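Coordinates in review
Given next are the chains, with one letter for each unit.
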Amino acid sequence: MREHIERVIFSAEEIQRRVQELARQIVRDYQNGGKRDPYGRPLLVVGLLKGAMPFMADLVRALDIPLEYDFMAVSSYRNGTSPGEVRILKDLDRAIGRRDLLIVEDIVDTGHTLRHILRSLQAREPASLRVCALLDKPHRREVEVPVDYVGFVLPENVFVVGYGLDYGELYRNLPFIGVLKPEYLREGQG
Ligand code: PRP
C-alpha cells in the first residue's frame, strides 16, 4: 500500500504524539469540572464508524480516566443522496440520559455528518456533549459545527488517506496519513 502514497502528510510518530497531547487535554478538562453527570457515571466515548476506528483505539488507550465506549455508524450522503439525508445505521447500544459524551471523528469536512449526529445525541439530553476530531477541513465547511478538540487542520485541496481514512474503502490501515499518487485515483471512487 505504501507505494501508492505520493507523500506523507502526518507520520505515524507525529500522529501518536498529537494523540497523546489531545488525551492530556481531554483528561485535564474532564477532571476539572468537565463531568456533569448527576450520577457520576464515567465518560462515554462515542466513535463514528468506520473512519474513527484507529484514532479512537489510540485515543481511549491514552485517556487515563474511567470511561466506557460505544460506536455509531451513519450512511454517507455522498452516495447520491443530499447532504440533509444522513441516516443512522448503527446507534448506541443503550440510552444515554444525562451522561457526559465525547464524540470521536476522524475528519470533519462539510460538517453534515457531525451536525446530524450532534442533533440526534443532543435530543437525548446528555449532561455534556463534546467533539474530538483528528483532522479538520474548516475551509470545506457547509454547516457550522462545534469541534472542541482538533488534532490537525488540513491545508486546502488536499485529499488524504490512511489511519482510518479511505479511498474506495482501501488505505484505512496505513499507520500514517498521506496523499495518494494520482494514478491510484479512479473515477467514481472515494
Ligand atoms: C467521513 C468521515 C466523517 C465524514 C465527514 O465518513 O469519517 O464521518 O465523512 O464528512 P462531512 O463533514 O462532509 O460530513 P464517511 O462517510 O466517508 O464514512 P467512513 O467513516 O466509513 O469512512
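Preceding this paragraph is the structure being described.
All residue numbers here refer to positions counted from 1 along the written sequence of the relevant chain. Reporting in this predicted model follows two pLDDT cut-offs: at least 70 for local features of residues, and 80 or more for side-chain atom pairs to be given and counted; totals over whole chains, interfaces and linings ignore these cut-offs and use all residues. The basis for the side-chain values is all heavy atoms of the structure; hydrogens and waters are excluded.

Things to note about the nonpolar core
- The biggest cluster of nonpolar side chains holds 34 residues, and the ones touching the most others in it are F55, L59, L135, V160 and I177.
- Here a strand is any run of E in DSSP of at least two residues, a helix any run of H or I of at least four, and the numbering for each starts at the N terminus. Broken down by secondary-structure element, the contributors of at least two residues to this core are β1 (5–10), α1 (12–34), β2 (43–49), α2 (53–62), β5 (100–108), β6 (128–136), β7 (149–153) and β9 (177–180).
- Sort the elements by how many residues they give to this core and α1 lands first, with 7 residues.
- Sequence-distant contacts of L135, defined by excluding residues within four places in its chain, comprise F10, D106, I107, V108, F152, L154, V160, L165 and I177.
- Core analysis: the next-biggest nonpolar cluster, separate from the first, contains 19 residues, I96, L101, L129 and A133 among them. Take the buried Ala, Val, Leu, Ile, Met, Phe, Trp, Tyr and Cys residues and link them wherever side-chain atoms come within 4.5 Å; each set so joined is a nonpolar core. Categorising residues by exposure relies on relative accessible area from a 1.4 Å probe, with only protein chains included: less than 20% of the type maximum marks a residue as buried, more than 50% marks it as exposed, and the intermediate range marks it as partly exposed. The contact rule is simple, with two residues in contact once any of their heavy atoms fall within 4.5 Å.

With respect to the packing of aromatic side chains
- Only the six-membered ring of Trp is used, alongside the rings of Phe and Tyr, when aromatic pairs are assigned; centres must lie within 6.5 Å, and planes under 30 degrees apart are stacked while those over 60 apart are edge-to-face, with the rest tilted. With the rule as written, the count across this model stands at 3 aromatic pairs.
- A ring pair is formed by F10 and F152, whose centres lie 3.9 Å apart and whose planes are at 15 degrees; its orientation type is stacked. With F10 in strand β1 and F152 in strand β7, the pair connects residues that are 142 residues apart, well separated along the chain. The same class applies to F10 as to F152, namely buried.

Overview of the environment of A73
- Within the fold, A73 resides in strand β3 (residues 67–74).
- Judged by its relative accessible area of 14%, A73 falls in the buried class.
- It is 19 Å that separates the C-alpha atoms of A73 and P126, two residues lying 53 residues apart in sequence.
- If we skip the residues at most four places from it in the chain, A73 touches L49, R87, I88, L89 and K90.

Looking at the pairing of β6
- Counting buried residues in β6 gives 8 out of 9 residues, a clear majority hidden from the surface.
- When β5 meets β6, the two strands line up parallel, connected through 8 bridges. In the sheet register, V108 faces β6, and the bridge partner there is D136.
- Every crossover in which the path from the first strand over the helix to the second runs clockwise, viewed with the strands pointing away from the viewer, is termed right-handed. Remark: the β5/helix α3 (residues 112–122)/β6 crossover connection has right-handed handedness.
- DSSP-based pairing: two strands are paired if at least 2 bridges between them are found. Two elements, β6 and β7, share 4 bridges in a ladder whose sense is parallel. If you follow D136 over to β7, its bridge partner there is V153.

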